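Overview (structure and organization)
Here are the chains, one letter per residue:
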Amino acid sequence: MTENNQIVQFHVPVMTQTVIQYLLPCIQHKKYKDKSAMYIDATLGSGGHSQAILENISDGIVVGIDLDIDAIEYSKNRLKDHSNFHIFHTSYTNLDQIVSQFPDYALKGVLFDLGISSHQISKPNRGFSYSVQGILDMRFDQSNPIRNAKDIIQRSSEYELSNILFKYGEERFARNIARQIHEQRRNIRTTFDLAQIVRSVVHGKNINKSLSRVFQALRILVNNELDNVKIGLSKAIDLCATGARLVVITYHSLEDRIVKQIFRDYAQNNKLQILTKKPIRPLLIEINNNPSARSAHLRAAQKV
Ligand SMILES: C[S@@+](CC[C@H](N)C(=O)[O-])C[C@H]1O[C@@H](n2cnc3c(N)ncnc32)[C@H](O)[C@@H]1O
């Protein structure tokens, strides 16, 4: 893809080798063989992880899901030569409906790579980034007429805004930022307008952290992300066959805490074996090559 005469990569998949090691445990040096196996990439994005799964299985099917139509179109084209790849433009919270469409297959692995893709961050009309000027949208699914980030800013009280920034961004200056946002809400239309308000409240070395947290908080609320993780991951565990693997990559502590807790609850009920005592982090070399991997935490478990 070319934007401003530069080659812009849609997204570089994170910790791909570790994902494959946990998702397809028996591969060693040969391709994984299981005719009736179904693997789900619940957050398809650029299809990078799906491609790796497809390259490491000789039988079975891979199903890719994403809410973002750009991701769907991109991956459809990228993986068009794989007849055992199926794609769905929907939320991974509908996992049960998707699995029921493949009654001849057993669910043997599910991957969640949460967060946003580089494509979403860099595209101005998505409004996800404080360093890219664009309208404050932040919906993963732009065909869904849910309230966007601008609507939330314009319709919330100062108290509600403060709670949003604190609960979903863990932002320590939530109150002061919320007061400024509320006072100036009629003038906030773009990412830069919002970033300017945050900069007027927070100074010094904390500024980038506060900007990230404010944008993260709004994004989480717009897309109902935390509830979706709870619903999607629980459904995935319930739908998996015995011995199936679950791999989840998170990019902030709110999500990681939810994954840890869900894995723990299922393990206590003897429905899951946790494979990663502590989350696995990317190697420094990967972070150097792909800075968006820097906050990744990978957890894996096996259905009992
Ligand atoms: C970090 S990216 C995934 C990148 C992907 N693993 C790759 O290799 O390119 C996260 C993706 O999850 C998608 N997403 C977020 N919430 C979703 C949901 N509830 N259902 C399906 N996809 C979702 C986003 O649109 C985004 O494309």
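All values reported here derive from a predicted model rather than from experimental measurement.

Bringing the overall build of the protein chain into the picture now. Broken down by element type, the protein chain carries 13 helices and nine strands. Computed over its C-alpha atoms, the radius of gyration of the protein chain comes to 20 Å, within 12% of the 19 Å expected for a compact globule of 304 residues. For the protein chain, buried positions account for 44% of its 304 residues. Taking contacts inside the protein chain between residues at least 6 apart in sequence as the whole, the part at least 24 apart equals 68%.

A few words on the nonpolar core. A general tendency of soluble globular proteins is for nonpolar side chains to be buried together. Of all hydrophobic cores here, the largest spans 52 residues; its most connected members are Leu 23, Ile 40, Ala 42, Val 110, Phe 112, Leu 246 and Val 247. Residues contacting Phe 112, with those up to four places away along its chain left out, are Ala 42, Thr 43, Tyr 92, Gly 232, Leu 233 and Val 248. Phe 128, Ile 177, Val 198 and Leu 221 belong to the second-largest nonpolar core, a separate cluster that totals 29 residues.

The strand order across the open sheet formed by seven strands is E5-E4-E3-E6-E7-E9-E8, and the pairing between neighbours is mixed. Single-partner strands in this sheet number two, and they are strand E5 (85-89) and strand E8 (272-274). Between one strand axis and the next, the sheet turns by 20 degrees as a mean value, whatever way the strands run. In the sheet, E8 pairs with strand E9 (residues 297-303) via three bridges, with the strands oriented antiparallel. By the bridge assignment for E9, Leu 272 is matched with Lys 303. Against the sheet, helix H1 (residues 16-23) contacts strand E3 (37-41), strand E6 (106-113), strand E7 (245-250) and E9, and its axis sits at roughly 155 degrees relative to E7. Along the sheet, helix H11 (residues 225-239) contacts E6, E7, E8 and E9; its crossing angle with E6, the most-contacted strand, is approximately 160 degrees.

Residue position: Phe 140 is located in the loop between helix H5 (118-122) and helix H6 (149-155). Sequence-distant contacts of Phe 140, that is, excluding residues within four places in its chain, are made with Leu 67, Asp 68 and Asn 223.

Another point: the domain arrangement of the protein chain. Once the domains are mapped, the protein chain shows domain 1 (2-119 + 225-303) and domain 2 (133-223). Put simply, the middle of domain 1 and the middle of domain 2, counted by C-alpha atoms, are 29 Å apart. Facing the seven residues of domain 1 at the interface are eight residues of domain 2. The residue makeup of the side of domain 1 that touches domain 2, split by class, is four nonpolar, one polar and two charged.

When you tally the buried positions in E3, you get five out of five residues, the bulk of the element. Both faces of E3 are covered, namely the face carrying Ala 37, Tyr 39 and Asp 41 and the face carrying Met 38 and Ile 40. Bridge analysis of E3 against E6 gives five bridges, and the strand direction is parallel. Within E6, the position partnered with Ile 40 by the bridge is Val 110. As paired strands, E3 and strand E4 (residues 61-66) are joined by four bridges and run parallel to one another. Considered in E4, the bridge of Tyr 39 is made with Val 62. For the crossover that starts at E3, traverses helix H2 (residues 48-55) and ends in the parallel E4, the hand is right-handed.

The next point concerns helix H7 (residues 158-169). Look at H7: 16 Å from first C-alpha to last across twelve residues, which is about the 16 Å you get at 1.5 Å a residue. For H7, every residue scored as buried is listed here: Leu 161, Ser 162, Ile 164, Leu 165, Tyr 168 and Gly 169. Each buried residue of H7 lies within a common arc of 165 degrees when the element is viewed along its axis, so the set occupies one face.

Another point: the packing of H1 against H2. Packing of H1 against H2 brings their axes to within 10 Å, and their N-to-C directions diverge by 50 degrees. As the angle between them shows, H1 and H2 are arranged oblique. As H1 runs across H2, the sense of the crossing is right-handed. Where H1 abuts H2, its residues Thr 16, Val 19, Ile 20 and Leu 23 lie against Gly 48, His 49, Ala 52 and Ile 53. Of the residues assigned to the contact of H1 with H2, the class counts are five nonpolar, three polar and no charged.

Before going further, it helps to spend a moment on the confidence of the model for the protein chain. On average, residues of the protein chain score 94 in pLDDT, and 95% of them are at 70 or above. Across residues 1-7, confidence stays below pLDDT 50; counting only partners more than four residues off in sequence or on other chains, it has four contacts.

Its place among the elements puts Val 222 in helix H10 (residues 207-223). Overall, Val 222 belongs to the buried group, with 23 C-beta atoms counted inside 10 Å. As for Val 222 and Gly 47, which are separated by 175 residues in sequence, their C-alpha atoms are 24 Å apart.

Given a rise of 1.5 Å per residue, 16 residues ought to cover 22 Å, and the 22 Å separating the end C-alpha atoms of helix H12 (residues 253-268) matches this to within 8%. Those residues of H12 lying buried are Glu 255, Asp 256, Val 259, Ile 262, Phe 263 and Tyr 266. The arc that holds the buried residues of H12, viewed along the axis, is 130 degrees, so those residues lie on one side. Exposed side of H12, more than 90 degrees from the buried face: Ser 253, Arg 257, Gln 261 and Gln 268 are the residues found there. Positioned one or two residues after H12, Asn 270 has a phi angle of 60 degrees, which is positive.

About the thresholds
- Residues numbered from 1 in each chain as written.
- Predicted model: local features only at pLDDT ≥ 70, side-chain atom pairs only at ≥ 80, totals over all residues.
- Helix = DSSP H or I, 4+ residues; strand = E, 2+ residues; numbered from the N terminus.
- Rg over C-alpha atoms; globule rule 2.2 N^0.38 Å.
- Buried ≥ 20, exposed ≤ 12 C-beta atoms within 10 Å, placed from the backbone.
- Contact = placed C-beta atoms within 7 Å.
- Core = buried A, V, L, I, M, F, W, Y, C linked by C-beta atoms within 7 Å.
- Pairing = 2+ DSSP bridges.
- Axes fitted to C-alpha atoms, helices over the stretch in contact; angles between N-to-C directions.
- Domains from an automatic or database assignment.
- Nonpolar A, V, L, I, M, F, W, Y, C, P; charged D, E, K, R; others polar.
- Right-handed = clockwise from strand over helix to strand, strands pointing away.
- Expected span 1.5 Å × (residues − 1).
- Arc of directions from axis to C-beta.
- Parallel < 35°, antiparallel > 145°, perpendicular 65-115°, else oblique.
- Left-handed = near helix turned anticlockwise from the far one by under 90°.
- pLDDT = per-residue confidence, 0-100.

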